[in-house]
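# Notes for the structure review
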Amino acid sequence: MALLKAGGRWSSSVCDTEVIVVKGPENEVSLTCGGVEMVEAGGDPVSGELDDSGDGTQLGKRYVDEEDTIEVLCTKPGSGSLGVDGNALELKDAKPLPASD
Amino acid sequence: MLLEMAAGGFGDRIAVGSLDDGLTVKQIFEKSGAAAKRFRDSNVENVAMIDITSPALPICLFGASWAGLPFVPLNYRLNNQEIDVLLERISPSIALMQTETQERISLTSNTHAITRDDLLGVIEMEEMPTDWNMDGEDTAILLFTSGTTGEPKAAVLRQRHLVSYILGSVEFMSAGEEEAALISVPPYHIAGIAATLSNLYAGRRVVQLPEFDAKKWVDLVRSESITSAMVVPTMLSRVVDHLLSEGSDSAGLPTLRAISYGGGKMPQPTIEAALELLPNTNFVNAYGLTETSSTVSLLGPEEHREAFASDDEQVRRRISSVGKPLPSIEVSIRDENGSELSPNESGEIWVRGEQVSGEYKGMEITLTEEGWFPTNDGGWLDGEGYLFVTGRIDDVIVKGGQNISPGEIEEVLLRHPSVADAAAIGVPDQQWGEKIAAAVVLHTGTEVDEKELKDSVKNVLRSNRTPDEIVFLNELPYNETGKLLRRVLKENLVDLGDGSTV
């Protein structure tokens, strides 16, 4: 369990996935990738077995929970899929703004 | 982080330059790494750039971030003495500049000069450091603002501000492979920095035009198949003139899907002419400040068209608005005491969001306790949430205790068919404190008398908005990024007043 602060960077313990938190919930949650707890970037990985039954993560895509309390951006892709407190995070539909610069 | 992602996602795309000889994203990544090593080995505190825009810009920008050092683009048009003073303030530094610049300023041992060729070529041999500096609190950019009084202030933008801006406004790799953006704003303008970052993150090739010229701009759009471009109002007005001068044989700009404009008030006749000349181009009006990491509010293409086509004055006037705030930004209109005002009431524009810095080097942070940044821009929101910017609060004319925004007078004057440009300025007046002087530039070959112009304002606005004096000039003073130099104009017009107040 950890508090996910906006701007925080997290790495998968079992695959190459890395994410940055765009929006974090107010309370502590358990952020997982491939079914295993993620760790703060640079931290020691937690041991566990990779569950790669999902679609994995895609570079540059945003992932959200159903209640829209959390949003992370994938900065490095991997074969594990993301989850929070046991629920899978879903790929967020991109609604790009018109380019302004 | 942004460059690392881009290199991982689409390293073989051209990031900057022509399709045949431009630099790929991967090359920018490698050169930035080598530059980072050079910057670190120089034991400096800042990485400066006193040069026109070139492929060295992204390398300096990303290399500095990689090394954990602030990037400080300086205005290369400043005179020798001004550059010396700024270099002193950021010393010790490594500074990108050509040999002509090195010869004209007094380089001290605290400034290590490096040329464009050095940065682009020689350092290819150096090895990359493997550790990206990732601290969001690191200063990414120091930008000296074109202050009107005293020493220029250095706005501080931290990594977290820029990353928030990009993540909040750009979708990764959202650009098609054929897309290309033309950048003609200089590196020391926040829009020049923002464009470098956002186009790279979107995967869009960038073509740089170092010193704006309407013909070169139009030629580049055609030869490089440019799909989008960012311009300041004076640039668009010159592009419109150039296209008009090509007459009915004009090839138009068929590849250009989008133009975004900002950095000053767009005269309504210019944007209306542009919409007519380029019916297939989408227009985006962006409003932002250095201190807010560029854009905070924008008027999109659909909103332009809707406003342009509408008979409803409430909708039509939105063409002169800056649209609605970005989803990641809040806007609030406040009175002098900081109390929030209702829609349609004019006050100071306050903004809040992760990308908003409001910080200047060596000064107390200007954000309120709740994180709001008072912009010093006047404006109001309409009932639908569209933001209208009336101008700097410092420029407001106070006549007989009434606050009058120069913008509304200028807008009316500009609608007159003979008027090419106009500015309203407050000049000292014994009876009213200030009175309104309007400086007007007429289209060549046209004539109009003072009374007709005064009446044109009187017919539209309240009578205290009518200019007391009208002066005809050949041109108004602008800086090179299209900002009207009101202070200079005011000094020139001060004789019109009676000098009783300051």
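Residues numbered from 1 in each chain as written. Chains lettered and ligands numbered in written order. Predicted model: local features only at pLDDT ≥ 70, side-chain atom pairs only at ≥ 80, totals over all residues. Heavy atoms only, no water.

### With respect to the overall build of chain A
Worth spelling out the cut-off: Runs of H or I in DSSP of at least four residues are treated as helices and runs of E of at least two as strands, each being numbered from the N terminus. C-alpha atoms define the radius of gyration, and 2.2 Å times the number of residues to the power 0.38 defines the globule rule. Accessible surface is estimated by sampling points in the Shrake-Rupley manner with a 1.4 Å probe; for residues, cover comes only from the protein chains shown. As used throughout, the charge tally considers Lys and Arg to be positive and Asp and Glu to be negative, leaving His and the chain termini uncounted. Charge placement uses NZ in Lys and CZ in Arg. For Asp and Glu, CG and CD serve respectively.
Along the backbone of chain A there are zero helices and ten strands. Listing every helix and strand of chain A by position from the N terminus yields β-β-β-β-β-β-β-β-β-β. Here the C-alpha radius of gyration of chain A, 13 Å, is about what a compact globule of 101 residues would show, namely 13 Å. Once the C-alpha set of chain A is aligned to its principal axes, its extents read approximately 45 × 25 × 25 Å. If you sum the accessible surface of chain A, you get close to 5400 Å²; carbon and sulfur atoms cover 43% of it. Mean positive and mean negative side-chain charge positions of chain A (8 and 20 charges, respectively) differ by 10 Å.

### Regarding the environment of S250 of chain B
All names here are of chain B. Selection rule: For every residue, the accessible area (1.4 Å probe, protein chains only) is compared with the maximum for its type, and the residue is labelled buried under 20%, exposed over 50%, or partly exposed between those bounds. Contacts are residue-level and defined by heavy atoms, with any inter-residue pair within 4.5 Å sufficient. Pairs of N or O atoms within 3.5 Å make up the polar contacts considered here, provided that, within protein, one atom can donate a hydrogen while the other can accept it, and that residues adjacent in sequence are counted only when both atoms are side-chain atoms.
As for its placement among the helices and strands, S250 is situated in the loop between α10 (233-245) and β12 (258-261). Residue class for S250 comes out partly exposed when judged on its relative accessible area of 23%. It is 45 Å that separates the C-alpha atoms of S250 and L86, two residues lying 164 residues apart in sequence. Setting aside chain neighbours within four positions, we find S250 in contact with R222 and L243. Here E246 takes part through its side chain, which lies 2.8 Å from a polar atom of the side chain of S250.

### Re unusual backbone geometry
Residue and element names in this part refer to chain B. The omega torsion across S91 and P92 is 0°, close enough to zero to call that bond cis. Of note, P92 is situated in the loop between α4 (80-89) and β5 (93-96). Of note in the backbone geometry, M173 takes a positive phi value of approximately 50° without being a glycine. Take M173: it is sitting in the loop between α7 (159-169) and β9 (180-183). Given the relative accessible area of 38%, M173 is considered partly exposed.

### Overview of the domain arrangement of chain B
Definition in use: The split into domains, and so the bounds of each, comes from an automatic or database assignment of domains.
What the domain assignment reports for chain B is domain 1 (27-158) and domain 2 (396-496). Here the C-alpha centroids of domain 1 of chain B and domain 2 of chain B sit 41 Å apart.

### Observations regarding empty space enclosed by the protein
Selection rule: Cavities and pockets were defined on a 1 Å grid built over protein atoms only: a cavity is a set of grid points that admits a 1.4 Å probe from which the probe cannot escape, a pocket is an open set flanked by protein on both sides within 12 Å along at least five of seven lines, and lining residues are those with an atom within 4 Å of any such point. Grid points are joined across faces, edges and corners, and a volume is the space filled by probe spheres set on the points. For this classification, the nonpolar set comprises Ala, Val, Leu, Ile, Met, Phe, Trp, Tyr, Cys and Pro, the charged set comprises Asp, Glu, Lys and Arg, and every other residue, Gly included, is treated as polar.
Tallied over the full model, the rule gives four cavities of 30 Å³ or more. Taken as a whole, the largest cavity holds about 100 Å³ of empty space. Along the walls of the largest cavity sit 15 residues, with D101 of chain A together with S228, A229, M230 and S260 of chain B positioned nearest its centre. For the lining of the largest cavity, the secondary structure elements donating two or more residues are β9, α8 (190-202), β11 (228-231) and β12 of chain B. Considered class by class, the residues forming the lining of the largest cavity number ten nonpolar, four polar and one charged. Volume-wise, the second largest cavity comes out at about 80 Å³.

### Concerning the packing of α10 of chain B against helix α11 (residues 268-277) of chain B
All names here are of chain B. As a reminder, the rule being used: To get an axis, a line is fitted to the C-alpha atoms, and for a helix only the part in contact is used. The angle between two axes follows their N-to-C directions and goes from 0 to 180 degrees. Roughly parallel here means an angle under 35 degrees, roughly antiparallel means over 145, roughly perpendicular means 65 to 115, and every remaining angle is called oblique. Rotating anticlockwise by less than a right angle from the far helix to the near helix defines a left-handed crossing, while the corresponding clockwise rotation defines a right-handed one.
Between α10 and α11, the least distance of the axes is 10 Å, while the angle of their chain directions is 45°. On the basis of their axis angle, the class for α10 and α11 is oblique. Pair α10 / α11 crosses with left-handed handedness. Contacts between α10 and α11 involve L236, S237, V240, L243 and L244 on the former and, on the latter, T270, I271, A273, A274 and L277. When grouped by side-chain class, the residues that make up the contact of α10 with α11 number eight nonpolar, two polar and no charged.

### Some remarks on the interface of chain A and chain B
Condition: Summed over both partners, buried area is the accessible surface (1.4 Å probe) that two parts give up on being assembled. Within this document, salt bridges are pairs made up of a side-chain nitrogen of Lys or Arg and a carboxyl oxygen of Asp or Glu, the two lying within 4 Å of each other.
Between chain A and chain B, the contact holds 16 residues from the first and 31 residues from the second. With both chains or domains summed, chain A and chain B bury close to 1800 Å², and 63% of this area falls on carbon and sulfur atoms. It is L97, S100 and D101 of chain A in chain A that bury the most area against chain B; as a group they hold 36% of the surface buried on that side. Here chain A and chain B share one salt bridge between them. The partner of E171 of chain B in a salt bridge is R62 of chain A, with the nearest N and O atoms 3.0 Å apart. There are three residue pairs in polar contact (both at pLDDT 80 or more) connecting chain A and chain B. Broken down by secondary-structure element, the contributors of at least two residues to the side of chain A that touches chain B are β2 (18-23) and β7 (71-76) of chain A. The dominant element in the side of chain A that touches chain B, judged by the number of residues it contributes, is β7 of chain A, at three residues. Looking at the side of chain A that touches chain B residue by residue, the class counts come to ten nonpolar, three polar and three charged.

### Details of the pattern of salt bridges
It is possible for side chains bearing opposite charge to pair when their charged atoms get close. Counted under the stated rule, the structure contains 32 salt bridges over all chains. Note that K92 of chain A is salt-bridged to E71 of chain A, the shortest N-O span being 3.0 Å. One end of the pair, K92 of chain A, is in the segment after β10 (90-91); the other, E71 of chain A, is in strand β7, with 21 residues separating them in the sequence. You can call K92 of chain A partly exposed: its relative accessible area is 35%. Given the relative accessible area of 6%, E71 of chain A is considered buried. One salt bridge in this structure joins E450 of chain B and K454 of chain B, with 3.7 Å as the shortest N-O distance. Placement of both E450 of chain B and K454 of chain B in helix α15 (residues 450-458) is noted, with a separation of four residues, approximately one turn of the helix. The class of K454 of chain B is partly exposed, set by a relative accessible area of 21%.

### Some words on the environment of V72 of chain B
Residue and element names in this part refer to chain B. Relative to the elements of secondary structure, V72 occurs in strand β4 (residues 71-73). By relative accessible area, V72 is classed as buried at 0%. Once the C-alpha coordinates of V72 and I90 are considered, the two residues, 18 residues apart in sequence, prove to be 8.4 Å apart. For V72, the residues in contact, after removing those within four places along its chain, are N46, V47, A48, M49, I90, L142 and F144.

### Quick word on the packing of aromatic side chains
Residues and elements named next belong to chain B. What counts, and what does not: Any two of the Phe, Tyr and Trp rings considered here, Trp counted by its six-membered ring, make a pair once their centres fall within 6.5 Å; the pair's planes then place it as stacked at under 30 degrees, edge-to-face at over 60, or tilted in between. By the criterion adopted, a ring carries a charge over it if an Arg CZ or a Lys NZ lies within 6 Å of its centre and within 35 degrees of its normal.
Overall, the coordinates contain five aromatic pairs over all chains when judged by the stated rule. Between Y76 and Y188 the ring centres are 5.6 Å apart and the planes differ by 75°, which places this aromatic pair in the edge-to-face class. One end of the pair, Y76, is in the loop between β4 and α4; the other, Y188, is in the loop between β9 and α8, and 112 residues separate them in sequence. The buried category is assigned to Y76, whose relative accessible area is 15%. A centroid spacing of 5.1 Å and a plane angle of 65° characterise the contact between F172 and Y201, whose relative ring orientation is edge-to-face. Of this pair, F172 sits in the loop between α7 and β9 while Y201 sits in helix α8, and the two are 29 residues apart along the sequence. Members of the aromatic cluster, joined through ring pairs, are F10, F172 and Y201. Lying across the ring of F388, R317 places its NZ or CZ 5.6 Å from the centre. The residue whose ring lies beneath K399 is W432, and the NZ or CZ to ring-centre distance is 6.0 Å.

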